[in-house]
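# Overview (structure and organization)
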Amino acid sequence: MTRGGLALTLAVALAMSGCGGDGEAGGGAKPADAPKDAAAALASAGSKIQEQSYKSVIDMGAAGTIDGVMDPKRKTGEFVMSAESEGTKVKTETRIVDGVNYMKMTIPGADIPGMDGKTWRKMSGTGGPGTLGSYDPTDTVKALEAAAEVKWAGDNAVTGNIDLAKAGQQLGMGAGDAAKLPVATVPFEAAFDGEGRLTKYTLTIPAIGSEPATKMTMTYSDFGTPVDVQAPTGAELAGE
């Protein structure tokens, strides 16, 4: 799914990841054990934030917000996306239980299972990055693997560029969208906490055709927060 579906589905493969124990993004001194090399520090931050559960908020401006919790080791979490499309407010809830995705949407006036705000749909798990069937909140962090020209921007933050040809789908772009972009790379900023964990991550996906540019700001907090999510069953699950 492309960004055009942002206002109606949780199709963006935004990878909520990592957090600072105090919930603050940025600030403070460079972590004592942080690698001196900025690229190495970024890689380390991406690894550390997959070690514990966390809370995350992703702000996409007019495209909506996503907030929730995730336990990356158990592949279990839940998220709520709030968005508005042509004056219609849409709520999308996603549960991930043992790596299996379930989705429930609330669209005013809709009486379709999975979109009526009452029933859930079990996703197929196919489609790859950027699709609901395989939504995984670690994909945004994996996008950082395509980072280049990473430099320190203060004691605990770095800047650099991301190659969208390599990481576009992990950021919610359609498979062919990267080739349509006016630029091949986009700048990003990332900040760490005192333990070298990612606390904030910001970038802007350029406009594509009629789709406006989308600025995404991801913040992370509450490492180790409890994540207790149950898969929908029985009458809750459409088609059962």
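On a predicted model such as this, the values are computed, not experimentally measured, just so you know. (Residues numbered from 1 in each chain as written. Predicted model: local features only at pLDDT ≥ 70, side-chain atom pairs only at ≥ 80, totals over all residues. Heavy atoms only, no water.)

## A look at the packing of aromatic side chains
- Overall, the coordinates contain two aromatic pairs when judged by the stated rule.
- Look at Trp152 and Phe192: their rings are 6.2 Å apart centre to centre, the planes differ by 90°, and that puts the pair in the edge-to-face class. One end of the pair, Trp152, is in strand 7 (residues 147-152); the other, Phe192, is in strand 9 (residues 185-192), with 40 residues separating them in the sequence.
- Ring geometry for Phe188 against Tyr201: centres 6.2 Å apart, planes inclined by 85°, an arrangement best described as edge-to-face. Of this pair, Phe188 sits in strand 9 while Tyr201 sits in strand 10 (residues 198-205), placing them 13 residues apart in sequence.
- Take Phe188: its relative accessible area is 2%, and that puts it in the buried class. (Phe/Tyr/Trp six-rings, centres within 6.5 Å; stacked < 30°, edge-to-face > 60°. Helix = DSSP H or I, 4+ residues; strand = E, 2+ residues; numbered from the N terminus. Buried < 20%, exposed > 50% of the residue type's maximum accessible area, 1.4 Å probe, protein only.)

## What about the pattern of salt bridges?
- Following the criterion strictly, the structure yields four salt bridges and no others.
- One salt bridge connects Arg74 with Asp71, and the closest N-O pair in it is separated by 3.4 Å.
- A relative accessible area of 41% places Arg74 in the partly exposed class.
- Among the charged side chains, a salt-bridge network with shared partners connects Asp193, Glu195 and Arg197. (Salt bridge = Lys/Arg side-chain N within 4 Å of Asp/Glu carboxyl O.)

## Regarding the pairing of strand 1 (residues 54-59)
- Alternating positions in strand 1 separate cleanly, Tyr54, Ser56 and Ile58 being buried on one face and Lys55, Val57 and Asp59 remaining unburied on the opposite face.
- The pairing of strand 1 with strand 2 (residues 65-71) spans six bridges and is classified as antiparallel. By the bridge assignment for strand 2, Ser56 is matched with Gly68.
- Hairpin connection between strand 1 and strand 2: a loop of five residues separates the two successive antiparallel strands, and Gly61 in this loop has a positive phi of roughly 60°. (Pairing = 2+ DSSP bridges.)

## Here we look at the sheet that holds strand 5 (residues 100-106)
- Spatially, 6-5-4-3-2-1-11-10-9-8-7 is the arrangement adopted by the 11 strands of the open sheet, whose pairing is antiparallel. In this open sheet, the two edge strands, each paired with only one partner strand, are strand 6 (121-122) and strand 7.
- The pairing of strand 5 with strand 6 spans two bridges and is antiparallel. Opposite Tyr102, over in strand 6, you have Lys122 as the bridge partner.
- Sitting on the sheet, helix 1 (residues 38-48) is in contact with strand 7, strand 8 (157-163), strand 9 and strand 10, with an inclination near 105° to strand 7. (Contact = heavy atoms within 4.5 Å. Axes fitted to C-alpha atoms, helices over the stretch in contact; angles between N-to-C directions.)

## Considering the nonpolar core
- Membership of the largest hydrophobic core comes to 39 residues, with the highest contact counts inside it found for Ile162, Phe188, Leu198 and Tyr201.
- Core analysis: the next-biggest nonpolar cluster, separate from the first, contains seven residues, Val69, Tyr102, Val227 and Val229 among them. (Core = buried A, V, L, I, M, F, W, Y, C linked by side-chain atoms within 4.5 Å.)

## Quick notes on the confidence of the model for the chain
- Confidence in the prediction for the chain averages 78 pLDDT; 78% of positions are at 70 or higher.
- Counted against residues more than four places away or in other chains, residues 1-29, with its pLDDT under 50, gives 132 contacts. (pLDDT = per-residue confidence, 0-100.)

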